[in-house]
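Reading the structure
Residue-level listing of the chains:
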Amino acid sequence: MDSIRRDDYGFFGPGSPSWKVWTSPTALIGFQRAVVLEHFDPHLAAAVADSSGIYRDPSGRLDRTLAYFLTVAVADGRTVVEASEALLRVHAKAKGVDPVTGTRYSANNPTSQLWIHITGWHSVLKCYERYGPGPLSPAEEARFWAESRIAAELQTCKPADVPGSRDEVRQYFADVRDRLCTSERADRAMRYLLWTPRSKGLRLWGGSRLLAPAAIATLPTWMRHLGGFNQPAAVDAAVVPAARTAVRAMSLDNSRLMLAVARRLVPHTAKVYAQHLAADTPATPHTVTPAEARETLACG
C-alpha cells in the first residue's frame, strides 16, 4: 500500500484536533451534511448540476470530496499539494451561467470556495461534538479553526476570511444568509445526497437513509426550512443515542469496523483512511506549511 506520509506529517500532525475530528466515524455524517449545504450557494449548485454527474453517482460525489478533505487533514505536504492542484484543475473547467441568478459561475470562485470550506470544517466538528467524544477543549477548538485557515491556503479563498472561532462561524452564516437559496436543481441534488434512490443500489439507498436523519438533526431551523428537509422532533431525539452507539462501536475495535463501513459507503475515502492507519513514521517527522510543501514539490 502506498504511503500518504512519505515525507512529513503534513500540516497538522499526530494529536492535532484536525486528525481527531477528520478521522472520527462522525466525519461520515458531517460530510453528508456539508455536501448537502453546498447547494445553498446557487453558483455551486449550478456547477455541480452541470459538470459533476451527481445524478448518476451521488455517493461518488460525496466520496471524492470527503477523500480530498481527509487527505488535506492527514497526508504529507507533497501529497496534499498534488491533490489540491488536481482539484483546482478540475474546478477550472466548471464554468457557465447560473440559471437562478443569471450570472456567470466558476467552481473556483473564492466566495463559493469559502462556503465549501466553512461548511465542511464546521459540519464535521458539529457532528463530532453531537455524536462523538463531545466538544473539543477551548484550546483544541481554537487550534482547530487555526488549522482550518491553514487548509484554506490550498483553495482559492483567502485564509483570513475563514472564521477563527465559534462566534465568527455564527457571524459568517448570518452575513451570507441573505444570498443563500435553493432551486429545482439544488433541491434535486440535496435529496439525492440525503435519500439516494433505490435504483442506485441497496447499499447507497440504505446507507444514505441511515446517515440523513443524523445529519438533519444537527441543522438549525432556518437551514431546514430553506432546504425543505425538516423532520419531527421525535426523530431528532431518537437519532442522537442511536448515532452515538454506532459511532462508539466503530471507535472501539481499532478502526476495523469503521474501515469496513467506509469501504461500503465511500471507497475512495476508505482508501485514504486505510493509508492513514498503515502509515509509518515519515522521513522527517514534523509538520510543514503549505508554502514549504509547494517548494518541496517544485524541487522534485
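Residues numbered from 1 in each chain as written. Predicted model: local features only at pLDDT ≥ 70, side-chain atom pairs only at ≥ 80, totals over all residues. Heavy atoms only, no water.

Considerations on the overall build of the protein chain
Formally: The helix and strand labels rest on DSSP assignments: H or I over at least four residues marks a helix, E over at least two residues marks a strand, and numbering proceeds from the N terminus. For a compact globule the rule gives 2.2 Å times the number of residues to the power 0.38, and the radius of gyration it is set against comes from C-alpha atoms. Only protein chains enter the accessibility calculation, which uses a 1.4 Å probe; a residue is then buried when its area is under 20% of its type maximum, exposed when over 50%, and partly exposed in between.
When helices and strands are tallied, the protein chain shows 15 helices and 2 strands. For a compact globule of 300 residues, the expected C-alpha radius of gyration is about 19 Å, and the protein chain comes in at 18 Å, within 12% of that figure. Taken along the three principal axes of its C-alpha coordinates, the protein chain extends 50 × 45 × 40 Å. Expressed as a percentage of its 300 residues, the buried residues of the protein chain come to 54%.

A few points about the packing of helix H2 (residues 26-37) against helix H10 (residues 202-217)
To keep it simple, the criterion reads: Simply put, an axis is a line fit to the C-alpha atoms, just over the touching stretch for a helix, and the angle between two N-to-C directions goes from 0 to 180 degrees. Roughly parallel means an angle under 35 degrees; roughly antiparallel, over 145; roughly perpendicular, 65 to 115; everything else is oblique. Contacts between residues were defined by any pair of non-hydrogen atoms, one from each residue, lying within 4.5 Å.
The interhelical angle for the contact between H2 and H10, taken along N-to-C directions, is 75°, at an axis separation of 9 Å. Relative to H10, the element H2 is oriented roughly perpendicular. Side by side, H2 and H10 meet where Leu28, Ile29, Gln32 and Arg33 of the first sit next to Ser208, Leu211, Ala212, Ala214 and Ala215 of the second.

Quick word on the packing of H10 against helix H12 (residues 233-251)
Rule in force here: Throughout, a crossing is termed right-handed when the near helix is turned clockwise from the far one, and left-handed when it is turned anticlockwise from it by less than a right angle. We call Asp, Glu, Lys and Arg charged. Ala, Val, Leu, Ile, Met, Phe, Trp, Tyr, Cys and Pro are nonpolar, and the rest, Gly among them, are polar.
Two numbers describe how H10 lies on H12: the axes approach to 9 Å, and their chain directions differ by 115°. Between H10 and H12, the angle is such that the two are roughly perpendicular. Where H10 crosses over H12, the two elements pack in a sense that is left-handed. Contact with H10, carried on its side by Pro213, Ala214 and Ala217, involves Val235, Asp236, Val239 and Ala243 of H12 and no other residues of that element. Within the contact of H10 with H12, the residues separate by chemical class into 6 nonpolar, no polar and 1 charged.

Describing the packing of aromatic side chains
How we decide: For Phe, Tyr and Trp, rings pair up if their centres lie within 6.5 Å, where Trp contributes its six-membered ring, and each pair is then called stacked (planes under 30 degrees apart), edge-to-face (over 60) or tilted (otherwise).
A full pass over the atoms with the stated rule returns 14 aromatic pairs. Taken together, a centroid distance of 6.1 Å and an interplanar angle of 80° make the contact between Phe11 and Phe12 edge-to-face. Each member of the pair, Phe11 as well as Phe12, carries the same accessibility label: buried. Consider the rings of Trp22 and Trp121, whose centres lie 5.5 Å apart with planes at 75°: the pair is edge-to-face.

Concerning the pattern of salt bridges
So the rule is basically this: Every case where a carboxyl oxygen of Asp or Glu lies within 4 Å of a side-chain nitrogen of Lys or Arg is listed as a salt bridge.
A full pass over the atoms with the stated rule returns 10 salt bridges. Two residues, Arg78 and Asp7, come together in a salt bridge whose shortest N-O distance is 2.7 Å. Taken together, the positions of Arg78 in helix H5 (residues 77-92) and Asp7 in the segment before helix H1 (17-22) put the pair 71 residues apart, joining distant regions of the chain. Both residues of the pair, Arg78 and Asp7, count as buried. Among the ionic pairs, Arg224 bridges to Asp236, the shortest N-O distance being 2.9 Å. Residue Arg224 is located in helix H11 (residues 221-227), and its partner Asp236 is located in helix H12; the two are separated by 12 residues in the primary sequence. For the pair shown, Arg224 and Asp236 are each scored as buried.

A few points about the nonpolar core
For the record, the criterion: Only buried Ala, Val, Leu, Ile, Met, Phe, Trp, Tyr and Cys residues count toward a nonpolar core, and they belong to the same one when joined by side-chain atoms within 4.5 Å.
The biggest cluster of nonpolar side chains holds 70 residues, and the ones touching the most others in it are Trp22, Trp115 and Phe144. Counting residues per element, this core draws most heavily on helix H4 (residues 58-74), at 9 residues. In this structure, Cys127, Tyr131, Val240 and Ala243 belong to the second largest nonpolar core, which totals 11 residues.

Things to note about helix H6 (residues 110-131)
Test applied: Helix span is expected to be 1.5 Å times the residue number reduced by one. Here a polar contact is recorded for every N or O atom pair within 3.5 Å, except that within protein the pair must consist of a potential hydrogen donor and a potential acceptor, and residues adjacent in sequence are included only if both atoms are side-chain atoms.
Between the first and last C-alpha of H6 there are 31 Å, a value that for 22 residues agrees with the 32 Å anticipated at 1.5 Å per step. Among the 22 residues in H6, 18 count as buried, and that is most of the element. Measuring from the side-chain oxygen of the N-cap residue of H6 to the backbone nitrogen of Thr111 gives 2.8 Å; that N-cap residue is Asn109.

A word on the side chain of Asp236
On the basis of relative accessibility, which here comes to 18%, the residue Asp236 falls in the buried class. In terms of polar contacts, Asp236 uses its side chain to reach the side chain of Gln231, at 2.7 Å. In this view, Asp236 contacts Ala217, Arg224 and Gln231; residues no more than four positions away in its chain are not counted.

Some details on the environment of Met223
As for its position among the elements, Met223 is in helix H11. Along the backbone, Met223 and Ser137 are 86 residues apart, and their C-alpha atoms lie at a distance of 27 Å. Setting aside anything within four residues of it in sequence, one finds Met223 in contact with Leu37, Phe40, Phe173 and Phe229.

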